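Working through the structure, step by step
Now for the letters of each chain:
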Amino acid sequence: MEYISIAGCSKPVSRLMKGTDYFFHDSYEKAAANMDAFLAIGGNSLDTAHIYCGGQSEEVLGRYMKERGNRDALVILTKGAHHDASGPRVNREAIASDLACSLERLQTDFIDLYALHRDDPATPVGAIIEALNEHVASGSVGAIGVSNWTWQRIQEANRYAADHGLAGFTFSSPNLSLAKANEPFWPGCVSADEETCRWHEQEQFPLLSWSSQARGFFTGRFTPEVRDNADLVRVFYSDDNWERLDRARQLAEQKGVSAIQIALAYVLNQPFPTCALIGAQTAEELRSCHEGSAITLSTEELAWLDMSSDPQ
């Protein structure tokens, strides 16, 4: 397992991050077994959020860490300040409330990586940075970051932080995958486009990708004619993505691996620090991710997969 460093986090962060948005109380044994298997391959970082599973994701993790006594070995990424039925909640009160709730559910007094789940462009970045710094100063949060923010807003926030002697954002968690999104998964979600990736490369700013394998697009289960998954059709079905799938298959055959492993390797071989959030729920899925994380892709292979160079 490879790891990256994130400023503000005292532990190395495994490049595979365990997704937990299926962790429910009534399937606790499955969640615990999945976590045990993930740790056994060297994984130590996990992704959750205040809203996942109605709060059960964090509660299950809290129970798991208490039973195993392994909190100090894990890097927790959790997220708060998601909008609700009334609209955006990216403000001091919502951040404080969600963070306090997450700490209680997780049965811990410290979050390694804390991210804002959404942005509210109407809220000045200064107020957001100052609110988050209160929790950094109190010791309840290590690194602060964002999910589904544009690079322009991150840059603006970090300029404010630098100008005022405050901690800035040190990681971002948008969608990044070999298949390019036609439109957001959900309102307010951000997928990393070419311009975003250029900024991450220039800044060497860590990117923690959700839906890193395009929600199964590269598994072989989908074709232009198979349209039973409305969200996948809406977000990923396009002529360019079918071409990317074909290229992933060709390269996979050359390397003796699978197309979905190539898709994972695409995320992990970017010219800036990346982690891939994975949803592996079976031993076979975890094995595939573990092996895929070890694949090295050249700059030329990345460009070819991305359709930014001529075919091999």
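Above this text you will find the structure in question.
Residues numbered from 1 in each chain as written. Predicted model: local features only at pLDDT ≥ 70, side-chain atom pairs only at ≥ 80, totals over all residues. Heavy atoms only, no water.

A word on the overall build of the protein chain
Counting secondary structure elements, the protein chain contains 11 helices and 10 strands. Relative to the 2.2 N^0.38 estimate, which gives 20 Å for 312 residues, the radius of gyration of the protein chain is 19 Å and therefore close to what a compact globule would have. Its C-alpha atoms put the protein chain at 55 × 45 × 35 Å along the principal axes. Considering only residue pairs separated by 6 or more positions, the protein chain has 77% of its internal contacts joining residues 24 or more positions apart. Summed over all atoms, the accessible surface of the protein chain reaches about 13300 Å², with 49% contributed by carbon and sulfur. (Helix = DSSP H or I, 4+ residues; strand = E, 2+ residues; numbered from the N terminus. Rg over C-alpha atoms; globule rule 2.2 N^0.38 Å. Contact = heavy atoms within 4.5 Å. Areas by Shrake-Rupley, 256 points an atom, 1.4 Å probe, with all protein chains shown as cover.)

A closer look at the environment of Ala252
The topology assignment puts Ala252 in helix H8 (residues 239-255). Residues Ala252 and Arg68 lie 184 residues apart in sequence; the distance between their C-alpha atoms is 38 Å. Those residues within four positions of Ala252 in sequence are excluded, and the remaining contacts are Val257, Ser258, Ala259 and Ile262.

A short note on the pairing of strand E8 (residues 169-172)
Taken together, the two bridges between strand E7 (residues 141-146) and E8 define a ladder with parallel strand orientation. Its bridge partner lying in E8, Ile144 is registered against Phe169. In this fold, the crossover linking E7 to E8 by way of helix H5 (residues 151-163) has right-handed handedness. (Pairing = 2+ DSSP bridges. Right-handed = clockwise from strand over helix to strand, strands pointing away.)

A word on the packing of helix H1 (residues 28-40) against helix H2 (residues 56-68)
One way to put it is that H1 packs onto H2 with a least axis distance of 10 Å and a crossing angle of 60°. It follows from the interaxial angle that H1 and H2 lie oblique. Viewed along their axes, H1 and H2 form a crossing whose handedness is right-handed. Taking contact as the criterion, the partners of Tyr28, Glu29, Ala31, Ala32, Met35, Asp36 and Leu39 in H1 are, on H2, Val60, Leu61, Arg63, Tyr64, Glu67 and Arg68. (Axes fitted to C-alpha atoms, helices over the stretch in contact; angles between N-to-C directions. Parallel < 35°, antiparallel > 145°, perpendicular 65-115°, else oblique. Left-handed = near helix turned anticlockwise from the far one by under 90°.)

A closer look at the pairing of strand E3 (residues 16-19)
In E3, alternate side chains face the same way, and those of Leu16 and Lys18 on one face and Met17 and Gly19 on the other are all buried. Direction of pairing for E3 relative to strand E10 (residues 274-278): parallel, over a ladder of three bridges. Paired with Leu16 across the strands is Ala276, a residue of E10. Bridging between E3 and strand E4 (residues 45-47) involves three bridges; their strand directions are parallel. Each residue of the ladder has a partner; that of Gly19, found in E4, is Asp47. On the question of chirality, the crossover connecting E3 to the parallel E4 by way of H1 is right-handed. (Buried < 20%, exposed > 50% of the residue type's maximum accessible area, 1.4 Å probe, protein only.)

Observations concerning unusual backbone geometry
Backbone geometry places Asn148, a non-glycine residue, at a positive phi of 65°. Among the structural elements, Asn148 can be located in the loop between E7 and H5. According to the relative accessible area criterion, Asn148 is buried, its value standing at 4%. The backbone of Gln204 shows a phi angle near 55°, a positive value even though the residue is not glycine. When you line up the elements, Gln204 lands in the loop between helix H6 (194-203) and strand E9 (207-209). For Gln204, a relative accessible area of 42% gives the class partly exposed.

Regarding the nonpolar core
Formed by 60 residues in total, the largest nonpolar core has its most connected members in Ile6, Leu113, Leu208, Phe217 and Phe218. In terms of residue count, the dominant contributor to this core is helix H9 (residues 259-268) (nine residues). If we ignore the near neighbours within four places in the chain, the residues touching Leu208 are Ile4, Ile6, Met17, Leu77, Leu113, Phe171, Ser172, Ser173, Pro174, Cys275 and Leu277. With 39 residues, the next largest nonpolar core counts Val60, Met65, Leu132 and Val146 among its residues. (Core = buried A, V, L, I, M, F, W, Y, C linked by side-chain atoms within 4.5 Å.)

Overview of the pattern of salt bridges
Working definition: two side chains of opposite charge can pair if their charged atoms are close together. Counting across every chain of the model gives 21 salt bridges. For Asp119, the salt bridge identified is with Arg153, shortest N-O distance 2.8 Å. Taken together, the residues span a long stretch of sequence, with Asp119 in the loop between strand E6 (111-116) and helix H4 (125-138) and Arg153 in helix H5 at a distance of 34 residues. Accessibility expressed as a relative area gives 17% for Asp119, which makes it buried. Shared partners join several salt bridges into a network, and the residues in it are Asp36, Arg63, Glu67 and Arg68. (Salt bridge = Lys/Arg side-chain N within 4 Å of Asp/Glu carboxyl O.)

Observations concerning the packing of aromatic side chains
The final tally for this structure, using the stated rule, is 13 aromatic pairs. Taken together, a centroid distance of 5.2 Å and an interplanar angle of 80° make the contact between Phe217 and Phe218 edge-to-face. For Phe218, a relative accessible area of 2% gives the class buried. Taking the centre distance of 6.1 Å and the plane angle of 50° together, the rings of Phe217 and Phe236 count as tilted. (Phe/Tyr/Trp six-rings, centres within 6.5 Å; stacked < 30°, edge-to-face > 60°.)

Looking at helix H10 (residues 283-292)
Within H10 the residues assigned to the buried category are Leu286, Ser288, Cys289 and Gly292. An end-on view of H10 places all buried positions within 160° of arc, on one side of the element. (Arc of directions from axis to C-beta.)

Observations concerning the environment of Trp199
Note that Trp199 resides in helix H6. In this structure Trp199 comes out as buried when scored by relative accessible area, which is 6%. Placed 11 residues apart in sequence, Trp199 and Gly188 show a C-alpha to C-alpha distance of 20 Å. The residues contacting Trp199, other than those within four sequence positions of it, are Trp151, Ile154, Gln155 and Phe205.

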